[in-house]
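Observations on the three-dimensional arrangement
Here is how the chains run, residue by residue.
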Amino acid sequence: MRSVAYLGLIFLAAGCQKTGRLSPELTARFEKEGIAHRADDLNFRRTIAAGRRDSGWEEKRASIVVTHESVFLHVNGQALVEITPRSTGFYEVHRDHDRLSLRAGGGKSAVSWSFRPPDDADGWAIDIRSVIRQAKNKSATH
């Protein structure tokens, strides 16, 4: 009986995992870039090969920072997706009511990160699209 209670505590603790810790260097960088949105400890649905027959998904707890220059999806400073003006990959964001889907990559390597921002889904989408546009404009000129 104790082992069942112990396992329950482990699963409960895993669900409460803190994911928003950033290094002093990342914090300084994001403050310099101007933080537009930040949300810690959100539940993301990570979908691999979205729209394909062999697609799959998993729930993952992570945090996100959107500045005027970057989108940084991370777990305690470890990047899951990072978009900057220097990024050369394919990125797009879609909004469906209060849910956003950030797609990174194309074809079989495409990964989608879907989440509900804590507020103003439209504002989040606009600011993420602005960062993506900056990356596309920089890569088009090089």
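Residues numbered from 1 in each chain as written. Predicted model: local features only at pLDDT ≥ 70, side-chain atom pairs only at ≥ 80, totals over all residues. Heavy atoms only, no water.

1. Here's the deal with the overall build of the protein chain
Check the secondary structure of the protein chain and you find 3 helices and 7 strands. Along the protein chain, from the amino end to the carboxyl end, the secondary structure elements read α-α-β-β-β-β-β-β-β-α. Looking at the 142 residues of the protein chain, the share that counts as buried comes to 39%. Relative to all contacts within the protein chain whose residues are 6 or more apart in sequence, the contacts with residues 24 or more apart total 53%. Accessible area of the protein chain: about 8,700 Å², with a carbon and sulfur share of 52%. (Helix = DSSP H or I, 4+ residues; strand = E, 2+ residues; numbered from the N terminus. Buried < 20%, exposed > 50% of the residue type's maximum accessible area, 1.4 Å probe, protein only. Contact = heavy atoms within 4.5 Å. Areas by Shrake-Rupley, 256 points an atom, 1.4 Å probe, with all protein chains shown as cover.)

2. Here's the deal with the confidence of the model for the protein chain
On average, residues of the protein chain score 86 in pLDDT, and 80% of them reach the 70 mark or higher. Between residues 2-12, whose pLDDT stays under 50, and residues either more than four places distant or in other chains, the model counts 0 contacts. (pLDDT = per-residue confidence, 0-100.)

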